[in-house]
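Structural features, examined
The residues making up each chain are set out below.
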Amino acid sequence: SFISLILFMFFSFLRNAVLEGEANKVGCSLPAARKTGTTICGVVFKDGVVLGADTRATEGMVVADKNCSKIHYISPNIYCCGAGTAADTEMTTQIISSNLELHSLSTGRLPRVATANRMLKQMLFRYQGYIGAALVLGGVDCNGPHLYSIYPHGSTDKLPYVTMEVASLSSDWFLCSSCSGSGSLAAMAVFEDRYKPNMEEEEAKRLVRDAIAAGIFNDLGSGSNIDLCVITKGKVDYIRPHDEANKKGVRTGDYKYKRGTTGVLSKTVLDLEVVEETVQTMDTS
Amino acid sequence: MAAAASMMPNFGQQISSKNDLVPDWTRQEVSTGTTIMAVEYDGGVVIGADSRTTTGAYIANRVTDKLTPIHDRIFCCRSGSAADTQAIADVVAYQLGFHSIELDEPPLVETAANLFRASCYRYREELMAGILVAGWDRRKGGQVYCVPIGGMLVRQPVSVGGSGSTYIYGFMDSNYKPGLSKDQCLELTAAALSLAMERDGSSGGVVRLASISEEGVERRVILGNQLPKFSTH
């Protein structure tokens, strides 16, 4: 029920507001929340689901992590890609993963994707969108392969193919507003063109790889490598990285100088003199 | 509730996104833009909806199912915020299922409508949900109840809702007559939804129809190219 709407306490927001006011008084600003700018997507194929994600995490306009992992473990047969605030997606998936493991021990059965979906949507709705987690949840259970997209406000869609991304949030972002945040649109364009029901595994992996690549190359908030997770009945293939789309280049020049380039005029050796020696024992009990 | 909301500090300035075309979950909630409709006939009800869910100007889901089963012979048509209506429908489905098991009887449509009204009215400041509750029960047959934003409850023989409904009030007033058969209701609903989808940007996709009667629920989908056409240019 909605009783929890009255009960959630956000005391840290009051503290943060005070801190922000004080920081602004001296001319500083609080550190920006790290967001996974991100392109994530998922596809249902003949034997299961394929989840895909890029690997860039941004802090404002700077890349904070060039190779972060956005496909999170929920249960042995269910994985979840997360876009939005990195901390929110990480903690939300961990909480639901823990609760789902307890639930699975209680029922004595392999967890179902619909259960994970319901737990996630009920938690996100309770926080009314303040938990910035946009998720693509996929897995295979006793009823077959399933794929859900879950939005921060708590709405979900069950579809055969989904893409998701989040525009980065920064005060200087509006300078490049024409390019940012188009990751999922590029990925969805690839899906709408080439998706077919009941694809083979290799075809599905190629499709997801191309969709994420479209996001990486057309969205500033997405980049680096492409991670894939192929979930089938009884088997999970966590391919990290599946494709290193942006390998760091090798420097062609070298600024090191060979020994002897500079002529030596004179050499003086000074021995260090030991003045005092003390021993301090550490209590390691 | 209003007092609690004002305690929340402002999260920095609202950066107006010049590019409205890209989705932004942080600021724009997912909404079922929508046209929904429900009609009573002698022996049941016909309900219909479009299939578009939008975040701003991006269509997040073009094949949404807005006709949500609440019980075996009771459905609801959802419009407004996707998260709010999904959450309310889940809560009401649970409450109604529990109530039905307690009674050991199929529940009344009026009961379902009142459960919706109770949630929508109590949390009217927080929610954005316009819902049509429709179904069949043994006591009163086919019934349509309208629970718009704000939490009113009123029974109507025919009702439309959602952003696209404004475009079809005239069509409804002139073309609905009491005493239509089930097939006439289905035709009327399909026609009305097509007209609304043609004019409303937030409605589109396919037309989902369902007819509910004592015998059960019959669902069908009318794809884009099979929709009734009205304009010749």
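Residues numbered from 1 in each chain as written. Chains lettered and ligands numbered in written order. Predicted model: local features only at pLDDT ≥ 70, side-chain atom pairs only at ≥ 80, totals over all residues. Heavy atoms only, no water.

The name an unreviewed UniProt entry gives chain B is Proteasome subunit beta, with Sphaeramia orbicularis as the organism. In UniProt, chain B has this text filed under Catalytic activity (unreviewed entry): "Cleavage of peptide bonds with very broad specificity." (UniProt positions renumbered as here; feature names shortened; annotations may be inferred.)

Under the annotation held in an unreviewed UniProt entry, chain A carries the name Proteasome subunit beta and is attributed to Sphaeramia orbicularis. For chain A, the Subunit (unreviewed entry) comment in UniProt is given as "Component of the proteasome complex." According to UniProt, the comment filed for chain A under the heading Catalytic activity (unreviewed entry) is "Cleavage of peptide bonds with very broad specificity."

Moving on, we get to the overall build of chain B. Per the secondary structure count, chain B includes five helices and 13 strands. When the 233 residues of chain B are sorted by exposure, 52% land in the buried category. In chain B, the share of contacts with a sequence separation of at least 24, taken over all contacts with a separation of at least 6, comes to 62%. (Helix = DSSP H or I, 4+ residues; strand = E, 2+ residues; numbered from the N terminus. Buried < 20%, exposed > 50% of the residue type's maximum accessible area, 1.4 Å probe, protein only. Contact = heavy atoms within 4.5 Å.)

This part covers the overall build of chain A. Check the secondary structure of chain A and you find six helices and 13 strands. The buried share among the 285 residues of chain A stands at 46%. Excluding contacts between residues fewer than 6 apart, the proportion of contacts in chain A whose partners are at least 24 apart in sequence is 64%. Of the roughly 16,100 Å² of accessible surface on chain A, 54% is carried by carbon and sulfur atoms. (Areas by Shrake-Rupley, 256 points an atom, 1.4 Å probe, with all protein chains shown as cover.)

For the rest of this paragraph, the subject is the pairing of strand S12 (residues 207–213) of chain B. Residues and elements named next belong to chain B. Across the seven residues of S12, seven count as buried, placing the element largely inside the fold. In S12, alternate side chains face the same way, and those of Val207, Leu209, Ser211 and Ser213 on one face and Arg208, Ala210 and Ile212 on the other are all buried. In this sheet, S12 lies alongside strand S3 (residues 44–49) in antiparallel orientation, the contact comprising six bridges. If you follow Gly48 over to S12, its bridge partner there is Leu209. Between the end of S12 and the start of strand S13 (residues 216–222), which pair antiparallel, lie two residues. (Pairing = 2+ DSSP bridges.)

All right, on to the layout of surface pockets then. Roughly 580 Å³ of internal volume is contained in the second largest pocket. Listed by contribution, the elements that provide at least two residues to the lining of the second largest pocket are helix H4 (113–126) and strand S10 (156–158) of chain A together with strand S6 (67–71) and helix H2 (82–103) of chain B. Here the residues of the lining of the second largest pocket are counted per class, giving eight nonpolar, six polar and eight charged. (1 Å grid on protein atoms, 1.4 Å probe; cavity = no way out; pocket = protein on both sides within 12 Å on 5 of 7 lines; lining within 4 Å. Points joined across faces, edges and corners; volume = space filled by probe spheres on them. Nonpolar A, V, L, I, M, F, W, Y, C, P; charged D, E, K, R; others polar.)

Time to look at the UniProt feature "active site" (unreviewed entry) in chain B. Residue and element names in this part refer to chain B. Cross-referencing UniProt, the feature "active site" (unreviewed entry) maps to Thr34 in the present numbering. Within the secondary structure layout, Thr34 lies in the loop between strand S1 (31–32) and strand S2 (36–41). Judged by its relative accessible area of 0%, Thr34 falls in the buried class. Not counting the four nearest positions on each side in its chain, Thr34 is found in contact with Asp50, Lys66, Arg78, Ser79, Gly161, Gly162, Ser163, Gly164, Asp200, Ser202 and Ser203. Looking at Thr34, its side chain comes within polar contact range of the side chain of Lys66, at 3.0 Å. (Polar contact = N/O pair within 3.5 Å; in protein donor to acceptor, adjacent residues only side chain to side chain.)

Moving on: the sheet that holds strand S11 (residues 158–161) of chain B. Residues and elements named next belong to chain B. Ordered by their spatial adjacency, five strands build an open sheet running S11-S2-S3-S12-S13, and the pairing between neighbours is antiparallel. Each of the sheet's edge strands pairs with one partner strand only, and the pair in question is S11 and S13. Between one strand and the next, the sheet's axes are offset by a mean angle of 10°, whatever the strand orientation. Where S12 meets S13, seven bridges bridge the pair, whose relative direction is antiparallel. When the sheet's bridge partners are listed, Ile212 is paired in S13 with Val217. Packed on one face of the sheet, helix H5 (residues 182–199) meets S2, S3, S12 and S13 and runs near 165° to S2. (Axes fitted to C-alpha atoms, helices over the stretch in contact; angles between N-to-C directions.)

As a further point, take the environment of Leu272(A). As for its placement among the helices and strands, Leu272(A) is situated in the segment after strand S13 (235–243). Placed 144 residues apart in sequence, Leu272(A) and Gln128(A) show a C-alpha to C-alpha distance of 66 Å.

Our focus in this paragraph is the sheet that holds strand S3 (residues 48–54) of chain A. Backbone-to-backbone hydrogen bonds pair the strands of a sheet. The strands run either parallel or antiparallel. All names here are of chain A. With antiparallel pairing, five strands are arranged side by side in an open sheet as S11-S2-S3-S12-S13. The sheet terminates laterally at strand S11 (161–165) and S13, the two strands that pair on one side only. Mean inter-strand twist for the sheet, computed between neighbouring axes without regard to direction, equals 10°. Alignment of strand S12 (residues 226–232) against S13, held across six bridges, turns out to be antiparallel. Looking at the pairing, Leu228 lines up with Ile239 of S13. Packing of helix H5 (residues 183–194) onto the sheet brings it into contact with strand S2 (39–44) and S11, and relative to S11 it is tilted by some 165°. Contacts from helix H6 (residues 201–218) reach S2, S3, S12 and S13 within the one sheet, and its direction differs from that of S2 by about 160°.

It is worth spelling out the nonpolar core at this point. One finds Val43(A), Val50(A), Phe191(A), Met199(A), Leu207(A) and Val208(A) to be the most contacted residues of the largest nonpolar core, which totals 25 residues. Going through the elements one at a time, S2, H5, H6 and S12 of chain A are the ones with two or more residues in this core. Per-element accounting of this core gives the leading share, eight residues, to H6(A). In this view, Met199(A) contacts Val43(A), Phe45(A), Lys46(A), Ala204(A) and Leu207(A); residues no more than four positions away in its chain are not counted. Among the nonpolar cores identified, the runner-up in size contains 24 residues, and Tyr176(B), Leu180(B), Ala191(B) and Val207(B) belong to it. (Core = buried A, V, L, I, M, F, W, Y, C linked by side-chain atoms within 4.5 Å.)

Take the confidence of the model for chain B next. All names here are of chain B. Averaged over all residues, the pLDDT of chain B is 89; the fraction at 70 or higher stands at 87%. The model gives residues 1–20 a pLDDT under 50, and that stretch makes 21 contacts with residues more than four places away or in other chains. The complex model carries a pTM of 0.81, and its ipTM stands at 0.84. (pLDDT = per-residue confidence, 0-100.)

Turning our eyes to something else, we now look at H5(A). Because an α-helix packs 3.6 residues into every turn, residues spaced three or four apart end up facing the same way. Across its twelve residues, H5(A) extends 17 Å between first and last C-alpha, which sits within 8% of the 16 Å expected from 1.5 Å per residue. The complete set of buried residues in H5(A) reads Gly183(A), Ser184(A), Ala186(A), Ala187(A), Met188(A), Val190(A) and Phe191(A). Residues of H5(A) that are buried sit in contact with S2, S11 and H6 of chain A together with strand S5 (58–61) of chain B. (Expected span 1.5 Å × (residues − 1).)

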